[in-house]
Amino acid sequence: MIRTKLCDLLGIEYPILQGGMAWVSTAELVAAVSEAGGLGIIGSGQAPPEWLEEQVSKIRKITNKPFGVNVMLMSPYADQVMDIVIRERIPVVTTGAGNPGKYVAGLKEVGTKVIPVVPSVALAKRMERSGVDAIIAEGGESGGHVGEQNTMPLVPQVVDAVNIPVIAAGGIFDGRGLVAALALGAVGVQMGTRFMCASECVIHDNVKKVLLKAKDRDTVVTGRSTGHPVRVIKNKLAKRFEELEMLGTPPEELEKLGVGKLRAAMVDGDIEYGSVMAGQVCGMIKKIQPAKEIIEDIITGAEEVLKRLPGGGN
Ligand code: TUI
């Protein structure tokens with residue numbers, strides 16, 4: 001059994017967080033992951049507060065296990081979403097694309113654990129000073145909005161720089177990845193891409209089919225020139241982005257091209273002109289399976305790896 005102090009901190013059985021993905025991790029997936037012993041996390045993205053309230057109430061009808069909400073701090077609704085998190089006493093909040101500093105006191109007052117996602121050591125230190133409970137160090141192998149560091153160098157540097165627990169994210173798919181993350185000093189992992197092909201995940205079937213077929217080199221990072229680089233599956237939209245960036249198109253024009261494209265992919269199934277955000281591990285997805293089976297596979301896989309490692313069985 002692989003338990004770490006993250007399990008005690010969050011009241012979960014396994015040190016596995018399902019990354020909060022906009023338009024992807026809705027109540028169905030979140031409840032299934034939490035019910036299976038991991039931590040399911042709602043991706044609130046740019047959704048209005050009423051949407052979040054609905055999701056929370058759906059989850060509470062299915063499970064009474066802890067779950068989380070990811071707040072994308074660039075969302076125009078971030079303040080209102082945080083108000084709901086506090087009012088509903090959501091057990092865990094993760095944040096992306098910014099610094100949650102101004103919300104920490106209010107969240108801690110109601111007992112919500114605050115865990116920002118960071119792409120660098122400097123941001124990890126800044127977040128620690130704001131009083132957060134743990135940090136997710138996310139490498140550029142992950143899908144969606146990414147930083148510049150990769151997981152292998154980022155995680156140990158963050159572990160050395162802070163005194164709070166560190167969770168590894170980016171490029172982790174199975175028991176091998178979990179053990180590797182623990183070896184780097186992390187107390188657990190966050191995985192997004194793998195859970196996109198969970199049976200309970202509501203994304204369009206077209207996207208699941210693309211992921212099932214994807215190989216190691218099928219993602220690309222676009223939008224570096226805008227200051228908001230995102231890792232996506234290569235398609236016609238990604239190609240257009242690359243062409244426009246090469247031509248020196250102003251960032252505002254490029255940003256406009258991206259508006260509404262994540263929804264177009266995940267909800268409407270537009271896999272050519274939508275933004276199919278996914279991490280480099282997409283090449284390892286081989287089947288659609290229930291979240292419970294995914295979690296069991298990761299844990300039994302990790303236990304086998306530990307036995308197989310030199311000295312592990314002795
Ligand atoms: O947030 C993510 N990944 C995401 S968010 C997203 S939704 C989206 N929609 C439209 C355009 C762009 C994104 C899809 N994927 N990951 C966590 C993450 N956070 N990665 C990097 C950061 C980050 C960046 C800057 C965290 C803090 C930060 O601080 C900046 C500051 O100045 O405080």
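Every value quoted in this text rests on a predicted model; they were computed, and no experiment measured them.

1. A short note on the site of the ligand
Here is step 1: Within the structure, the ligand sits among 13 residues, and Ala97, Gly98, Val117, Glu138 and His145 are positioned closest to it.
Here is step 2: Within the side chain of Glu138, a nitrogen or oxygen atom sits 3.2 Å from a nitrogen atom of the ligand.
Here is step 3: Within the backbone of His145, one N or O atom sits 2.9 Å away from a nitrogen atom of the ligand.
Here is step 4: Across the complex, the protein chains shield 74% of the 710 Å² of accessible surface that the ligand would expose by itself.
Here is step 5: Breaking the shell around the ligand down by element, the ones donating at least two residues are helix H6 (121–129) and strand S7 (144–145).
Here is step 6: Class assignment of the residues belonging to the shell around the ligand gives a composition of 6 nonpolar, 5 polar and 2 charged.

2. A closer look at the sheet that holds S7
Here is step 1: Here 3 strands make up an open sheet; going across it, the order is S7-S11-S10 and the pairing antiparallel. Each edge of the open sheet carries a strand with a single partner, namely S7 and strand S10 (219–222).
Here is step 2: Note: S10 against strand S11 (residues 230–233), 4 bridges, orientation antiparallel. Residue Val221 lies in a different strand from S11, and its bridge partner there is Arg231.

3. Here's the deal with the packing of aromatic side chains
The relation between two aromatic rings is expressed through the spacing of the ring centres and the mutual angle of the planes.
Here is step 1: Evaluated as defined, the whole model comprises 0 aromatic pairs.
Here is step 2: Here the guanidinium or amino end of Arg194 rests over the ring plane of Phe173, the centre of that ring lying 4.4 Å away.

4. Describing the domain arrangement of the chain
Here is step 1: When the domains of the chain are assigned, the result is domain 1 (5–202 + 285–308) and domain 2 (215–277).
Here is step 2: Placing the centre of domain 1 and that of domain 2 at their C-alpha centroids yields a distance of 24 Å.
Here is step 3: Of the residues lining the interface, 13 residues belong to domain 1; the matching set on domain 2 comes to 12 residues.
Here is step 4: Connecting domain 1 to domain 2 are 0 salt bridges.
Here is step 5: Our enumeration of links across domain 1 and domain 2 arrives at 5 residue pairs in polar contact (both at pLDDT 80 or more).
Here is step 6: Of the residues that constitute the side of domain 1 that touches domain 2, the class distribution is 6 nonpolar, 6 polar and 1 charged.

5. Examining the pairing of strand S6 (residues 135–138)
Here is step 1: Neither face of S6 is exposed, since Ile135 and Ala137 on one face and Ile136 and Glu138 on the opposite face are all buried.
Here is step 2: Strand direction decides the pairing type here: strand S5 (residues 113–118) and S6, joined by 2 bridges, are parallel. By the bridge assignment, Val118 is partnered in S6 with Ala137.
Here is step 3: Taken together, S5, H6 and S6 constitute a β-α-β crossover, and its handedness is right-handed.

6. Concerning the side chain of Gln190
Here is step 1: With respect to the element layout, Gln190 can be found in strand S9 (residues 188–191).
Here is step 2: Beyond its immediate chain neighbours, meaning those up to four positions away, Gln190 contacts Leu17, Gln18, Gly19, Ile41, Val117, Ile136, Glu138, Ile167, Ala168, Ala169 and Gly170.

7. Re the environment of Gly269
Here is step 1: With respect to the element layout, Gly269 can be found in the loop between helix H13 (261–266) and helix H14 (291–308).
Here is step 2: On the accessibility criterion, Gly269 (6% relative accessible area) is buried.
Here is step 3: For Gly269 and Val207, which are 62 residues apart along the polypeptide, the C-alpha to C-alpha distance reads 6.2 Å.
Here is step 4: If near-sequence neighbours (up to four positions away) are discounted, Gly269 is found in contact with His204, Asn206 and Ala264.

8. Overview of the pairing of S11
Here is step 1: Of the two faces of S11, both are covered, the one formed by Val230 and Val232 as well as the one formed by Arg231 and Ile233.
Here is step 2: In terms of strand pairing, S7 meets S11 through 2 bridges, oriented antiparallel. Note that in S11 the partner of Gly144 across the bridge is Arg231.

Rules used throughout
Residues numbered from 1 in each chain as written. Predicted model: local features only at pLDDT ≥ 70, side-chain atom pairs only at ≥ 80, totals over all residues. Heavy atoms only, no water. Near = heavy atom within 4 Å. Polar contact = N/O pair within 3.5 Å; in protein donor to acceptor, adjacent residues only side chain to side chain. Areas by Shrake-Rupley, 256 points an atom, 1.4 Å probe, with all protein chains shown as cover. Helix = DSSP H or I, 4+ residues; strand = E, 2+ residues; numbered from the N terminus. Nonpolar A, V, L, I, M, F, W, Y, C, P; charged D, E, K, R; others polar. Pairing = 2+ DSSP bridges. Phe/Tyr/Trp six-rings, centres within 6.5 Å; stacked < 30°, edge-to-face > 60°. Lys NZ or Arg CZ within 6 Å of the ring centre and 35° of its normal. Domains from an automatic or database assignment. Contact = heavy atoms within 4.5 Å. Salt bridge = Lys/Arg side-chain N within 4 Å of Asp/Glu carboxyl O. Buried < 20%, exposed > 50% of the residue type's maximum accessible area, 1.4 Å probe, protein only. Right-handed = clockwise from strand over helix to strand, strands pointing away.

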